[in-house]
Amino acid sequence: MRKKIGLTGDGAAAEAMRQIDPEVVAVYPITPQTEIVERFAEFVAEGLVQTELINVESEHSALSACCGSSMAGVRTMTCTSAQGLALMHEMLYIAAGNRLPIVMVNVNRTLSAPINIHNDQSDSLGSRDAGWIQLYCENPQEVYDTVIQAVRIAEDHQVMLPVMVCLDGFIVSHNMEPVELLDDGEVKEFIGEFKPRLNLLDTERPITAGNLTLPEYFFEHKYAQVYALEQSKEKIEEVGREFGDRFGRRYGLVEGYKLDDAEIAVITLGSMAGTARVAVDALRGEGIKAGLLKMRCYRPFPVQELAGALKNIRAAAVMEKAVSPGAPGPAVFSDIIAALYRQSVRINLISYVAGLGGRDVPVKSIHRVYEHLQKVAASGEPDRILNYLDLRGWE
Amino acid sequence: MALNLKELSQREPLFTGGARLCVGCPAPMIVKQVLYAAPHNPIVVNPTCCLEVSSAVFPYSSWKVPYYHNAFENAAAVASGIERAVVALKKRGRLARDKEFDIIVIGGDGGTYDIGLQALSGMLERGHRCLYVCYDNGAYMNTGIQRSGATPYGAWTTTSHVGPAQKGKQQPRKDIVQIAAAHGAYAANASLHAWRDLMRKVQTALNYDGPSFINVQAPCPRGWRFPSSKTVEIARLGTECCFYPLYEVTDGGKKWIINHTPRRKLPVEDYLRPQGRFAHFFQKGNEYLIEEFQRQVDERWEHLLKLAEMS
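Residue positions are counted from 1 within each chain, in the order its sequence is given. Starting at A for chains and at 1 for ligands, labels are handed out in the order in which the entities are written. The model is predicted, so local features are restricted to residues of pLDDT at least 70 and side-chain atom pairs to those at 80 or more, both for listing and for counting; the totals for chains, interfaces and linings are taken over all residues. Hydrogens are left out, water is left out, and the side-chain values use all remaining heavy atoms of the structure.

### Some points on the domain arrangement of chain A
Residue and element names in this part refer to chain A. Annotation of chain A at the domain level lists domain 1 (3-247) and domain 2 (254-388). Throughout, the edges of the domains are those of an automatic or database domain assignment. Computed from C-alpha coordinates alone, the two centres of domain 1 and domain 2 are separated by 28 Å. In this description, contact between two residues means that some pair of their heavy atoms is separated by no more than 4.5 Å. Taken together, the 29 residues of domain 1 in the interface contact 30 residues of domain 2. Joining two parts hides part of their accessible area as seen by a 1.4 Å probe, and the buried area is that hidden amount summed over both. Summing both partners gives a buried area of about 2200 Å² for domain 1 against domain 2, and 51% of it is carried by carbon and sulfur. A per-residue breakdown of the area domain 1 buries against domain 2 is headed by R128, E138 and K233, which together make up 28% of the total.

### A look at the packing of aromatic side chains
Working definition: an aromatic ring pair is given by the centre-to-centre distance plus the angle between the planes. Only centres within 6.5 Å qualify two rings of Phe, Tyr or Trp (six-membered ring in Trp) as a pair; their planes then separate them into stacked at under 30 degrees, edge-to-face at over 60, and tilted for everything else. Tallied over the full model, the rule gives 23 aromatic pairs over all chains. In textbook terms, an aromatic cluster arises when at least three aromatic residues are bridged by ring pairs, as seen for F243(B), Y244(B), Y271(B), F278(B), F281(B) and F293(B). By definition here, charges over rings are those cases where NZ of Lys or CZ of Arg is within 6 Å of the ring centre and within 35 degrees of the ring normal. Cation over ring: R152(A) sits above F190(A), and NZ or CZ is 4.7 Å from the ring centre. Its end group placed over the ring of W224(B), R277(B) keeps NZ or CZ at 3.8 Å from the ring centre.

### Description of the pattern of salt bridges
Residue and element names in this part refer to chain A. Salt bridge, as used here, is a side-chain nitrogen of Lys or Arg placed within 4 Å of a carboxyl oxygen of Asp or Glu. Overall, the coordinates contain 45 salt bridges over all chains when judged by the stated rule. With a shortest N-O distance of 2.6 Å, D145 and R249 are connected by a salt bridge. Pair noted here: D145 is in helix α7 (residues 140-155) and R249 is in the loop between α9 (215-247) and β10 (254-257), with a separation of 104 residues, a long-range link. Considered together, D145 and R249 belong to a single accessibility category, that of buried residues. The shortest N-O distance in the salt bridge between E242 and R152 comes to 2.7 Å. Taken together, the residues span a long stretch of sequence, with E242 in helix α9 and R152 in helix α7 at a distance of 90 residues. Judged by its relative accessible area of 23%, E242 is partly exposed. Each residue is placed in one exposure class: buried if its accessible area under a 1.4 Å probe, protein chains only, is under 20% of its type's maximum, exposed if it is over 50%, and partly exposed if it falls in between. R152 sits in the buried class, given a relative accessible area of 18%. Strands here are runs of E lasting at least two residues and helices are runs of H or I lasting at least four, both read from the DSSP assignment and numbered beginning at the N terminus.

### Regarding helix α11 (residues 303-310) of chain A
Residues lying three or four places apart along an α-helix face the same way, a consequence of the helix completing one turn every 3.6 residues. Residue and element names in this part refer to chain A. Those residues of α11 lying buried are V303, L306, A307 and L310. An end-on view of α11 places all buried positions within 95° of arc, on one side of the element. In this fold, the buried residues of α11 make contact with α9, β11 (264-268), β12 (290-295) and α12 (331-342). By arc we mean the arc of the directions from the helix axis to the C-beta atoms, nothing more.

Here is the structure:
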């Protein structure tokens, strides 16, 4: 039976994992992901899942053990944050290169140094080229829904790639909101059974996996992986649509909010979208045509969808919680410029790096971004492209 | 399973010829023995090492058993995941309960003693039913003979050179078997020349209700600087001088058993002399290196005798 209960983002992720009941979960605790690990360990102790839980000695081993169990042909999940994701960095590429459909919940936290346990998205955005599908969630309900969808997406035979489900540390992970849970049976039916084409346990048809692949073949193997990630867009949309048809909450690659007739817009991912909605509503009340574009899917990058949604905008700001030191611009901003260029869409685009190391991004700060956009829209050109929201002492 | 040469010679090797390993390489000798001895369905996990880059070069494979290479430092963790996958499938009735697998890691000493030690410790501590076999050639041979935690005292490598200021590696080897035994695992030292002992240990390990670790002496012609026809002979000398004794630790790390006591313990000189990596030991003024090497070997052998006597 479906029910609505209060859950944090971590709690929602754990609840989805309970219903998915994967064969193997290998995890290592790290703030602010820990609640997921602890809750899931409770489910194991109480016999609510049949999962083999491997409490490994590091995140590197967490993802390594996941590679082993996934290559053995069983449904496999893990979760981490920040330093943990960084320690997994090597394994991220291998999991994707070996085409292993592992689902990982990443609770976004900043990367050290300075050491800091609070939220930004420098961990997952910094892993953008590892070959994983990356989906960002705005609130606990989206976390719950997305973790369930991620299993279907990853295990599709046309995809066979790992999926990272990202939620902002503390802001989403520790914030309790009402979450509608599906019936256990509905989830089981939606995700189905994992049926790998090849697996290590098939001793009748022994496979050699993880070969040394020299220049003669490497490029083609890598491109096959790149192609699969590119093609996974369709599957992400299809699964999001089917989820909506069955359970009433539809998901896509990007989501516009009051964007159709908007003149200025903020583009963002994760929890900042929730705060920006409040700003948009207030501005609309003043007659200002403000809108919001939330990127749910960051990898594969929704080039056409994003450019299509922005083509009539006069000025837009990309707000992201990560910085790319020494780069022409931060990651999401740079990607969006490339996408717009590819689609021949020319709009005034500015960047706002915000909320690093857990710095709060309140509604009033987002209002300042929209004020800046109004000026850019009026003058027809940006006065300053790279901006740092609420940064003190560096004017 | 009978371990006699007549019977073994009739069986199909599970590691084929044609691999790109060097002539005289000890790795395939060890792999064949391990796979012959495995009582169930073997699945091999191989960290990045000489063996991996020479036996699984796409689109070829020397492996007639399921094989997975993932990365350098994590083979024990990968094996842990495979082992739990088997348990999970059996629990759900999706795999026959009587279908048994032998999950075997085969890795070099660099990936075991050094960069892979943490993952190995995790696998042993968690008690996975996996066998970890280290083919111990005492250096990073894949990258070109750099010193590792397994390199013997005084040995020349390309990162522990011999010159006026330094005579090879300054430290003794890490005692990896003692480390494994301290986890309560079945742990053993073996050598490729003592095939019956090695294969018995593999069978013991794979029938052991818990994790296991076997360190196997693997003389490397390229890295140790001896003719490629002498691999087995050098291994025998290593054991007969008690540098590489054959022993096992059972009963959760409590019982130490020496499997072979040389009738006449050879002086280490007999083992050192044929190897170019110890050539400087025999230069004038460097006699102390031989003495120190002998002292270390004697000390460890005496300690081993005491452990065996006590347990």
